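# Report on the structure
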Amino acid sequence: MSKDVTVCFSYDFDAMSVWIANFRTESPNALSRGEFGQVGAQRILDLLADYDIKSTWFVPGHTIEAFPRECQRLVAEGHEVGHHGYCHENPARLEIEKEQAILERGIALIKDLTSRAPWWGYRSPAGSFSPNTLRLLLDHGFLYDSSMLGNDFTPYYGRDGIKASIDAPYDFGKPVDLVEMPFSWSLDDFPIFEYSSSRRGINQGLADPARVYDIWVGDFEYLYTKMG
Ligand SMILES: [Zn+2]
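Let me begin by describing the structure that accompanies this report. (Residues numbered from 1 in each chain as written. Predicted model: local features only at pLDDT ≥ 70, side-chain atom pairs only at ≥ 80, totals over all residues. Heavy atoms only, no water.)

### Some words on the pattern of salt bridges
Operational definition: Basic side-chain nitrogens of Lys or Arg form a salt bridge, by our definition, when they fall within 4 Å of a carboxyl oxygen of Asp or Glu. A simple rule labels every residue: compare its accessible area, found with a 1.4 Å probe on the protein chains alone, to the largest value its type can have, and call it buried under 20%, exposed over 50%, or partly exposed in between. Under the scheme used here, helices are H or I runs from DSSP no shorter than 4 residues and strands are E runs no shorter than 2 residues, and both carry numbers assigned from the N terminus.
Inspection of the entire model under this criterion finds seven salt bridges. Between Asp52 and Lys54 there is a salt bridge, with its nearest N and O atoms 3.8 Å apart. A relative accessible area of 59% places Asp52 in the exposed class. By relative accessible area, which is 51% here, Lys54 ends up exposed. A salt bridge links Arg135 to Asp160; its shortest N-O distance comes to 2.9 Å. You can see Arg135 sitting in helix H6 (residues 133-139) and its partner Asp160 sitting in strand S6 (residues 156-160), a full 25 residues away along the chain. A relative accessible area of 40% places Arg135 in the partly exposed class. Judged by relative accessible area, which is 27%, Asp160 ranks as partly exposed. A single salt-bridge network, built from bridges that share partners, covers Asp46, Arg73 and Glu77.

Quick look at the structure:
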């Protein structure tokens, strides 16, 4: 018996921003890897169009400014644009004033791009929250976040005030009015495919696409056969 299963395709259109902010490079060679992002983005958009699939793109403001035509295409073709920082900044490293300014800069660029109210989705660059991120998202009217990993196939509500300590019971905090659409590193193609080296270490990447396909299909098969 077949059943309907809803899945979400989401893409982080980081382009140069991740190399500038996270890999801290000014090398034109390294930056050109980010420039390739617009090549990949066009191919993904072509593929999505072939299958008439609508998806979500988390786009840093920096990418909107660098590749306006490509970003306009994804809006014109009905894809959702979510917030992903201005230049892929890690919120956990920001003071609240700076984090708020970056959030508002990204919102303004998404509003200019989409010519309508954004859907108010957010994915943290680097997958990290500061102690202030959740509250800032709520204050700015965001409806959902996609930065946590507390489930795989089932959305849940974000929680404020989580406390972790080695000498006290875990405090789950209190649910807030922000839906969490969790992600998983095993479904992210960057660590699997992208070779990179930095002072923090080497990411081997360069995985056999067939192996990645197996991982992703295995996840889907579990969802399809065991859930719902
Ligand atoms: Zn990203």
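Once the structure has been displayed, the description carries forward.
### So, helix H8 (residues 209-226)
The periodicity of an α-helix, 3.6 residues per turn, causes residues three or four positions apart to be oriented the same way. Under the convention used in this document: By definition here, a helix of n residues has an expected span of 1.5 Å times n minus one. Two N or O atoms form a polar contact when they lie within 3.5 Å of each other; inside protein one atom must be a possible hydrogen donor and the other a possible acceptor, and for residues adjacent in sequence the pair counts only when both atoms belong to side chains.
Helix length check: H8, at 18 residues, gives a terminal C-alpha distance of 25 Å against a target of 26 Å (1.5 Å per residue), a fit within 8%. Where H8 begins, the side chain of Asp208 points an oxygen toward the backbone nitrogen of Ala210, at a separation of 2.9 Å.

### Digging into the packing of helix H2 (residues 28-50) against helix H4 (residues 68-76)
Quick note on the threshold: Lines fitted to C-alpha atoms define the axes here, with helix axes fitted over just the stretch in contact, and angles between the N-to-C directions of these axes take values from 0 to 180 degrees. Angle categories are assigned with fixed cut-offs, so that under 35 degrees is roughly parallel, over 145 is roughly antiparallel, 65 to 115 is roughly perpendicular, and the rest are oblique. Each crossing gets its hand from how the near helix is turned against the far one by less than a right angle, where anticlockwise is left-handed and clockwise is right-handed. A contact between two residues is defined here by any heavy atoms of the two lying within 4.5 Å. When residues are sorted by character, Ala, Val, Leu, Ile, Met, Phe, Trp, Tyr, Cys and Pro go into the nonpolar class, Asp, Glu, Lys and Arg into the charged class, and all the rest, Gly among them, into the polar class.
Their axes nearest at 11 Å, the elements H2 and H4 cross at an angle of 20°. With respect to H4, the axis of H2 lies roughly parallel. For the pair H2 and H4, the crossing hand works out as left-handed. Contacts between H2 and H4 involve Gln38, Gln42, Leu45 and Asp46 on the former and, on the latter, Glu70, Arg73 and Leu74. For the contact of H2 with H4, a count of residues per class yields two nonpolar, two polar and three charged.

### Considering the packing of aromatic side chains
Heads up, the rule is: Aromatic rings from Phe, Tyr and Trp, taking only the six-membered ring of Trp, are treated as a pair when their centres fall within 6.5 Å; an angle between ring planes under 30 degrees marks them as stacked, one over 60 as edge-to-face, and anything in between as tilted.
Evaluated as defined, the whole model comprises 13 aromatic pairs. When the ring of Phe13 is compared with that of Trp57, the centres are 5.9 Å apart and the planes differ by 70°; the resulting orientation is edge-to-face. Here Phe13 is found in the loop between strand S1 (10-12) and helix H1 (17-21), whereas its partner Trp57 is found in strand S2 (residues 56-59), with 44 residues between them in sequence. The buried category is assigned to Phe13, whose relative accessible area is 3%. Residue classification places Trp57 among the buried positions, given a relative accessible area of 1%. Judged by centre distance (6.1 Å) and plane angle (5°), the ring pair of Phe13 and Phe67 falls under stacked.

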